[in-house]
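Observations on chain architecture
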Amino acid sequence: MKQTLQNFAANCVDLPFVDNSGDVCQWYEGHPGDCQEYWCDFYRNSQGQTACDQCCVCGGGTTDSAPVQPTTPAPQSAPPTPSPIDPTTPAPQPAVGDSLNGKTFRLTTELHGQDGYLRMVKPDSSRLSVYRLNEMSATWKGLKWQFELVEGNEYRIRNSQDSPGGYLARGGYQDDNGNWFAGDSLYLGGFQPEWSSLRWFVEPLPDGYYLIRCSWGATDGSDYLSHGENGELSMISAGNNPSQRWIFSETVAEGPDDGAYYRISSEWETSSSYLTRDSVQSAPGVWDPVGTLSLYTFDESSAQWGSLKWFFEVVDPAERTFRIANTWDPDSGYLSRAGGQDGNGNWFPLADVYLDPRNTDWTSQMWIIEEYSQGVYTIRCKWSNGDGADYLTRAGGSEPTNSLTVRQFTNDPSQRWIISQTFFQAPDNGGIYRMTSEWATDTSYLSRNGAEWFGNGTWYPTNEVSLYQLETWSSQTWVFELIEGEDSIYRIVNRWEPSTGYLSRDGEQREDGQWYPARTLYLGPSQPTWTSRMWAVEWYTDSTYLLRNLWSDGTDYLTRVGEQQDDGTWNPTSEANFNGDGGYSSQRWILQRVVD
């Protein structure tokens, strides 16, 4: 991998660059961790350029000119009082007062219109980008921004996604004396009440547009939020040009995002009321999902479970109607209202709920999500008797139970649900896991092979791996060692003789004397600098992951091998190798945490 900051001392100058999410080299200066080759390639722009090629901080750029001063994210303590703005800067227009407070808007500029709406890339990221408004993106919270009044016409601007780090912020840089200065980069950060870098003056223009000016002023007056012609988001001086004339389109922030993942808990004793898919134990250490559900306590252990996590499929955005499915075997896990039949064979809704396979025609699987207060909702089934007894309710009398029912709305906590978004969770550093393929899970546990070499009944580990049914062997357990300075890149070592058990991509030496990645796996001793022993763990669904080897030739994803039958169908084998990302179940791996 390229080393960050390596070119600053070599009179390096950034080359022109905007990545595919709208970020420029100065953004990477504040986020050097994104200079890994994987992220550079992931955000490659339409011209084929990457930050690793174009930006000094990522090891690119050119050394033909004098070095540029690096910038860093906003300070970790309150920024200094802004320096006076150049007197030629236009005076603010009359204040908007509190007219925007608590409201939610989509934001775009006169220059870009429908193609340039400000967007938070993902809930657990500090990245900003822009995106076209269409039927799909109209449901995204990432395009919606809430305005929180500070005073006068000064606001904090927070993204509507459920994220603690969603405040629009101006980046800065430090001089040799440790003083902070306002830069021209932007990012999303956590709430800091004293930071002027998170506060913005909203200045209305007579023709209905707005200017957005940061409270943390630069000495040159470049304090106005701009979305430039090349797609870059930056801070520039006031000029009343189309790139800084913002259109505020009021919208609403209620309801979950389509396809996003959430936990659902009752407001009635929240800690013990997380909606959970039930399970049965089919073998020692093996649990299988069933079609019933209950309420369960959220703690360190259950935080790992897919049975407490749900994803929402939008049915009708205008009506705020969704299907709700559990992430543990979602094909059979759609929240459904039970029904009964009368003597004429007609179906009518009952008060019970259960989980069933998806049926697009059933209104019993359609749920209307209505906002009660910020982050709190009612969940009402669309299949109704017409008597109003349609609201998902935590059952109970004087005390809550762990059961669910459907009742008329009584406006009490048993019918109010907290829907909190959950995100990708990488394996714990040093955590012990079993790895099993989603394709025929019960026979696909990644295992270290052994051999009885001396005929004495003692087994010894080999350097080969295969897929096998679940056993209690240490050869099926793996330790994930997080590589220092990385977020989700690991070395993976088998616990049966770990000194020789590092999961590795094999290589082959060709006629030119160079080594190239092969399609096969083996186990070997630790080699800290070898990318063949480095694995990127990539989220696929809330319960499955892709495992990508960093020694890359384009066929880098760990895959269960299949064998094609005479009738054209494929059956899984006990082998694993590498293949390109095809989104197959053979490439999706379930990581099962093991308590040692």
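Everything that follows concerns the structure shown earlier in this document.
Everything numeric here is computed off the predicted structure, so don't read it as measured data. For every chain, the first residue of the written sequence is number 1, and numbering continues from 1 along that sequence. Only residues with pLDDT of at least 70 get local features here, since the model is predicted, and only at 80 or more are side-chain atom pairs given and counted; chain-wide, interface and lining totals rely on the full set of residues. Side-chain descriptors were evaluated using all non-hydrogen atoms of the structure, hydrogens and water having been removed beforehand.

1. Describing the overall build of the chain
The numbering of helices and of strands both runs from the N terminus, where a helix is a DSSP run of H or I of at least 4 residues and a strand a run of E of at least 2. On a plain count of helices and strands, the chain comes out with three helices and 36 strands. Here the term buried applies to any residue with accessible area under 20% of the maximum for its type, exposed to any over 50%, and partly exposed to those in between, with areas from a 1.4 Å probe on protein chains only. Counting across all 596 residues of the chain, residues that qualify as buried make up 49%. Taking the contacts inside the chain whose residues are at least 6 apart along the sequence as the reference set, 57% of them involve residues at least 24 apart. Under the convention used here, a 1.4 Å probe and the Shrake-Rupley method define accessible areas, while residue burial counts only the protein chains that appear. For the chain, the accessible surface area stands at approximately 27100 Å², while carbon and sulfur atoms represent 47% of it. Any two residues whose heavy atoms approach within 4.5 Å are treated as being in contact.

2. Describing the side chain of Glu 370
Considering the arrangement of structural elements, one finds Glu 370 in strand β20 (residues 367–373). Whenever two N or O atoms come within 3.5 Å, that pair is a polar contact, provided that in protein one can donate a hydrogen and the other can accept it, and provided that, for residues adjacent in sequence, both atoms are side-chain atoms. Polar side-chain contacts of Glu 370 include one of 2.8 Å to the side chain of Arg 380. Discounting residues that sit within four places of it in the chain, Glu 370 has contacts with Arg 320, Val 376, Tyr 377, Thr 378, Arg 380 and Tyr 391.

3. Brief notes about the pairing of strand β2 (residues 117–120)
If a strand is regular, its side chains alternate between the two faces of the sheet. The two faces of β2 match: Tyr 117 and Arg 119 on one face and Leu 118 and Met 120 on the other face are all buried. When β2 meets strand β3 (residues 128–131), the two strands line up antiparallel, connected through four bridges. The partner of Tyr 117 across the bridge, within β3, is Tyr 131. Should DSSP find at least two bridges between two strands, the strands are taken to pair.

4. Considering the nonpolar core
Throughout this description, the term nonpolar core refers to a set of buried Ala, Val, Leu, Ile, Met, Phe, Trp, Tyr and Cys residues connected via side-chain atoms within 4.5 Å. Ranked by size, the top nonpolar core spans 27 residues in total, and within it Trp 145, Phe 147, Trp 200 and Phe 248 carry the most contacts. A total of four residues in this core trace back to one element, the largest contributor, which is strand β7 (residues 180–189). Formed by 24 residues, the second largest nonpolar core is a distinct cluster that contains Ile 324, Leu 355, Cys 381 and Leu 392.

5. Things to note about the state of the cysteines
Cysteine sulfur atoms are paired as a disulfide whenever they fall within 2.5 Å. The full count for this structure, using the stated rule, is one disulfide. Note that Cys 25 is cross-linked by a disulfide to Cys 55, the S-S spacing being 2.0 Å. With the S-S dihedral at roughly -80°, the linkage between Cys 25 and Cys 55 falls on the left-handed side. With a gap of 30 residues between them, Cys 25 in helix α1 (residues 25–30) and Cys 55 in the loop between α3 (51–54) and β1 (104–109) connect regions that are remote in the sequence. Considered together, Cys 25 and Cys 55 belong to a single accessibility category, that of buried residues.

6. Description of the environment of Leu 100
Mapped onto the secondary structure, Leu 100 falls in the loop between α3 and β1. Expressed as a C-alpha distance, the spacing of Leu 100 and Tyr 155, which sit 55 residues apart in the sequence, is 8.7 Å. With near-sequence residues (within four places) excluded, Leu 100 lies in contact with Phe 105, Phe 147, Tyr 155, Val 202 and Phe 248.

7. Remarks on the pattern of salt bridges
Salt bridges are defined by distance alone: a side-chain nitrogen of Lys or Arg within 4 Å of a carboxyl oxygen of Asp or Glu. Under the definition given, this model contains 18 salt bridges. In this structure, the salt-bridge partner of Arg 416 is Glu 267, at a minimum N-O distance of 2.5 Å. Of this pair, Arg 416 sits in the loop between β23 (400–408) and β24 (417–421) while Glu 267 sits in the loop between β13 (261–266) and β14 (274–283); the two residues are 149 residues apart in sequence, bridging distant segments of the chain. Classification of Arg 416 as buried rests on a relative accessible area of 12%. For Glu 267, a relative accessible area of 29% gives the class partly exposed. Between Glu 538 and Arg 548 there is a salt bridge, with its nearest N and O atoms 2.5 Å apart. Of the two residues, Glu 538 is situated in strand β32 (residues 535–541) and Arg 548 in strand β33 (residues 544–549); the sequence distance between them amounts to 10 residues. Salt bridges sharing partners connect three or more residues here, namely Glu 110, Asp 207 and Arg 245.

8. Side note on the pairing of strand β31 (residues 515–524)
Two elements, strand β30 (residues 502–509) and β31, share seven bridges in a ladder whose sense is antiparallel. Each residue of the ladder has a partner; that of Gln 509, found in β31, is Trp 515. Hairpin geometry of β30 and β31 is characterised by an intervening segment of five residues between the two adjacent antiparallel strands and by a positive phi of about 85° at Gly 513.

9. Concerning the packing of aromatic side chains
Pairing of aromatic side chains here covers Phe, Tyr and the six-membered ring of Trp, requires ring centres within 6.5 Å, and sorts the geometry by plane angle: under 30 degrees stacked, over 60 edge-to-face, intermediate tilted. Following the criterion strictly, the structure yields 15 aromatic pairs and no others. Plain terms: the ring middles of Tyr 391 and Phe 409 are 5.0 Å apart, the flat faces sit at 40° to each other, and that makes the pair tilted. Highlighted residues: Tyr 391 in strand β22 (residues 389–396) and Phe 409 in the loop between β23 and β24, separated in sequence by 18 residues. With relative accessibility at 14%, the residue Tyr 391 sits in the buried group. Site record: aromatic cluster; members linked through ring pairs are Phe 105, Phe 147, Tyr 155, Tyr 210 and Phe 248. By the criterion adopted, a ring carries a charge over it if an Arg CZ or a Lys NZ lies within 6 Å of its centre and within 35 degrees of its normal. Positioned over the ring face of Phe 578 is Arg 505, at 4.4 Å from the centre of the ring.

10. A closer look at the environment of Cys 40
When you line up the elements, Cys 40 lands in helix α2 (residues 37–42). Residue classification places Cys 40 among the buried positions, given a relative accessible area of 2%. Once you skip the residues sitting within four places of it in the chain, Cys 40 turns out to touch Asp 34, Cys 35, Thr 50, Ala 51 and Cys 52.

11. A look at unusual backbone geometry
Of note in this structure, Glu 269 is not a glycine but carries a positive phi near 55°. Looking at the secondary structure, you find Glu 269 in the loop between β13 and β14. Overall, Glu 269 belongs to the partly exposed group, its relative accessible area being 44%. Its identity as a non-glycine residue notwithstanding, Ala 440 has a phi of 55°, on the positive side. For Ala 440, the position within the fold is in the loop between β25 (432–437) and β26 (445–451).

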